[in-house]
Structures are given as structure tokens and as C-alpha cells.
Amino acid sequence: MEKTHIWIDADSCPALVRNHSIKIANQLGLKITLVANKNIPCSRQYPYEMKIVPAEKDAADNFILENLKENDLVITKDIIFADKIVAKGIKAINDRGTVFCKENIKELLSERNYDFALAQAGVVKHYNEGYDKKKFAAFANCFDKIIHNLVK
């Protein structure tokens, strides 16, 4: 089995998540690639690959999907993209410690679509709730558990 490769859908991924993932990947001797349509700054304390894709809709998602292997891990906030990853049997998590899996992805996708429809209708407003230490801790715990299971 090939070594786990960590992929980060980096356009909207918080710096804490990027830097923690890069640090752990390096400690475990794993390859990590950030994919975005522009350079995304990270700590240069540890090496990582930055893949810049064209600024087209879903270009980062498509690049990751085309390069995924069985034992890889993807970090993304995009539930529609996560659905495609899960369909391939690949592990995916978000930056808040939610594991996307076949048991929950359809419900998460349905909730996302419902929330999106409410926002489009003007019933609710989308707002950025920010990213704090509690959300990062949930991510770090989830990430560390999954990555160690993948590299066993």
C-alpha cells in the first residue's frame, strides 16, 4: 500500500489547520499538498508542496480528485466536493473536525443545500462565524486520530 498523501483544499482553509497538518505530515514522513488557485502562505518551518491551479470553478477539487489514491486524506470545507471524495472511498475531514463518510455525507449535503436555499431566498443571512481555538482543537483531535489510523 502506498504511503498516505494529505491533500488540502487550501483556498478557505485556516492557517492553523494548514500549519498543523504540514507539521504532522513532516513528523510522519508523509507528502502534503495544498491546492488552490493562488499561493497560500504557510509556515516555512516544514516543507510542503503548493499546487496552483487555474482560477476556474472546481479546478482545485478536480486536481485533487484526479490525483487521489486509496490511502489518502483530504481536508476540505466543501461538502459537495467531500461527497465526491467519499464516493471514491477516500477519507475526508473538514477544518472543524467533522469526518465525511458514507454514513453522514448525504445528510450533510442535504443540510448544506437547505441552508443555501434559505440564504438564497433571503430568509437567513450567511455569516462567517470565525475560527477559534475550540474549532481548531476539534480539528486537530480528529486529524491526528485519522492520520495515525491511516499510517498504521
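As the structure is a computational prediction, the values presented were derived from the model and not from experiment.

1. Focus: the side chain of N94
Logical step 1: Position of N94 among the secondary structure elements: in the loop between β5 (91-93) and β6 (99-100).
Logical step 2: A distance of 2.9 Å separates a polar atom in the side chain of N94 from the backbone nitrogen of R96.
Logical step 3: In this structure the side chain of N94 is engaged in a polar contact, spanning 3.1 Å, whose partner is the backbone nitrogen of G97.
Logical step 4: With residues up to four places along the chain from it excluded, the contact list for N94 reads T76, K77, F100 and F139.

2. Digging into the pairing of strand β2 (residues 31-36)
Logical step 1: Within β2, five of the six residues are buried, which leaves the element mostly enclosed by the surrounding structure.
Logical step 2: Regarding the hand of the β-α-β motif, the stretch spanning strand β1 (residues 5-9), helix α1 (residues 15-28) and β2 is right-handed.
Logical step 3: Of the pairings in the sheet, the one linking β2 to strand β3 (residues 49-52) comprises four bridges and is parallel in character. In the sheet register, A36 faces β3, and the bridge partner there is I52.

3. Notes on the pattern of salt bridges
Logical step 1: Tallied over the full model, the rule gives seven salt bridges.
Logical step 2: Across the salt bridge formed by D83 and K106, the nearest N and O atoms sit 3.0 Å from each other. Here D83, found in helix α3 (residues 79-87), pairs with K106, found in helix α4 (residues 105-120); they are 23 residues apart in sequence, far enough to count as distant.
Logical step 3: Overall, the relative accessible area of 17% leaves D83 in the buried class.
Logical step 4: Overall, the relative accessible area of 54% leaves K106 in the exposed class.

Rules used in this analysis
- Within each chain, residue numbers correspond to sequence positions counted from 1 in written order.
- Two thresholds apply to this predicted model, a pLDDT of at least 70 for residue-level local features and 80 or more for giving and counting side-chain atom pairs, whereas whole-chain, interface and lining totals are computed over all residues.
- Each side-chain value is worked out from all heavy atoms of the structure, with water and hydrogens disregarded.
- In DSSP terms, a helix is any run of H or I states spanning at least four residues, a strand is any run of E spanning at least two, and both are numbered starting from the N terminus.
- Polar contact is defined as a pair of N or O atoms within 3.5 Å, subject to the rule that within protein one atom must be able to donate a hydrogen and the other to accept it, and that residues adjacent in sequence are counted only when both atoms are side-chain atoms.
- Should any heavy atoms of two residues lie within 4.5 Å, those residues are considered in contact.
- Note on classification: 1.4 Å probe, protein chains only; a residue is buried when its accessible area is under 20% of the maximum for its type, exposed when over 50%, partly exposed between these limits.
- Think of it like this: strands point away, you trace from the first strand over the helix to the second, and a clockwise trace means the crossover is right-handed.
- Strands qualify as paired when DSSP identifies two bridges or more between them.
- Whenever a carboxyl oxygen of Asp or Glu lies within 4 Å of a side-chain nitrogen of Lys or Arg, that contact is scored as a salt bridge.

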